Amino acid sequence: MAASYSFKAGLWRYPGEAGWHFLTLPADVADDIRARSSGHSKAFGSVKVAAEIAGHAWQTSLFADTRTGTYLLPVKKDIRAKAEISDGDEVAVRLSLQNP
């Protein structure tokens, strides 16, 4: 059974033209994911996950953030629109590892 997590995090926009939006995983969740995915991460330390916000699910990858020592969860525009969330909102997330 894949490891799963529930947490809340603030949605933020990366500065720049691309306008990517992310959630920063809590340290305890990131530590557990790092331990479970050791030796299984992909390019740039990414980890495949299934994510869900407000009943809207998608497949993506977490990206290691060496600056904070945690992971970043990218939140696609269509998910933000469907969930009616925007920069600065606190968001409830369900996350499960895919093939850890």
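Above this text you will find the structure in question.
## Some details on the packing of aromatic side chains
Argument step 1. For the structure shown, the criterion picks out two aromatic pairs.
Argument step 2. Every member of this aromatic cluster is reached through a ring pair, and the members are Trp12, Trp20 and Phe22.

## Quick word on the environment of leucine 95
Argument step 1. Positionally, leucine 95 belongs in strand S6 (residues 90-97).
Argument step 2. According to the relative accessible area criterion, leucine 95 is buried, its value standing at 2%.
Argument step 3. The spacing of leucine 95 and tyrosine 5 is 90 residues in sequence and 5.1 Å in space, taken between C-alpha atoms.

## Overview of the nonpolar core
Argument step 1. By size, the foremost hydrophobic cluster in this structure holds 26 residues, and its most contacted members are Leu23, Leu25, Ile33, Ile53, Leu62, Leu73 and Leu95.
Argument step 2. Counting residues per element, the ones that place at least two in this core are strand S1 (4-13), helix H1 (27-37), strand S3 (47-53), strand S4 (56-65), strand S5 (70-74), helix H2 (77-83) and S6.
Argument step 3. Excluding residues within four positions of it along the chain, leucine 25 makes contact with Phe7, Ile33, Leu62, Thr70, Tyr71, Leu72, Leu73 and Leu95.

## Things to note about the sheet that holds S6
Argument step 1. Pairing is antiparallel in the closed barrel, where six strands are placed in the order S1-S2-S5-S4-S3-S6. Pairs of neighbouring strands in the sheet enclose a mean axial angle of 45°, with direction left out of account.
Argument step 2. Taken together, the three bridges between S4 and S5 define a ladder with antiparallel strand orientation. Within the sheet, the bridge partner assigned to aspartate 65 lies in S5 and is threonine 70.
Argument step 3. Along the sheet, H1 makes contact with S1, S3, S4, S5 and S6, crossing S5 at roughly 95°.

## As for the pattern of salt bridges
Close approach of charged atoms allows side chains of opposite charge to pair.
Argument step 1. Taken as a whole, this structure holds two salt bridges when the rule is applied.
Argument step 2. For aspartate 31, the salt bridge goes to arginine 34, with nearest N and O atoms at 3.1 Å. Placement of the pair is aspartate 31 and arginine 34 together in helix H1, with a separation of three residues, close to one helical turn.
Argument step 3. Across the pair aspartate 32 and arginine 36 runs a salt bridge whose closest N-O atoms are separated by 2.7 Å. Of this pair, aspartate 32 and arginine 36 are both found in helix H1, four residues apart, which corresponds to roughly one turn of the helix.
Argument step 4. Exposure remark for aspartate 32: the relative accessible area of 28% places this residue in the partly exposed category.

## Details of the pairing of S1
Argument step 1. Relative to S6, S1 runs antiparallel, the two sharing seven bridges. Bridge pairing links phenylalanine 7 to valine 93 in S6.

Calculation notes
- Residues numbered from 1 in each chain as written.
- Predicted model: local features only at pLDDT ≥ 70, side-chain atom pairs only at ≥ 80, totals over all residues.
- Heavy atoms only, no water.
- Phe/Tyr/Trp six-rings, centres within 6.5 Å; stacked < 30°, edge-to-face > 60°.
- Helix = DSSP H or I, 4+ residues; strand = E, 2+ residues; numbered from the N terminus.
- Buried < 20%, exposed > 50% of the residue type's maximum accessible area, 1.4 Å probe, protein only.
- Core = buried A, V, L, I, M, F, W, Y, C linked by side-chain atoms within 4.5 Å.
- Contact = heavy atoms within 4.5 Å.
- Pairing = 2+ DSSP bridges.
- Axes fitted to C-alpha atoms, helices over the stretch in contact; angles between N-to-C directions.
- Salt bridge = Lys/Arg side-chain N within 4 Å of Asp/Glu carboxyl O.

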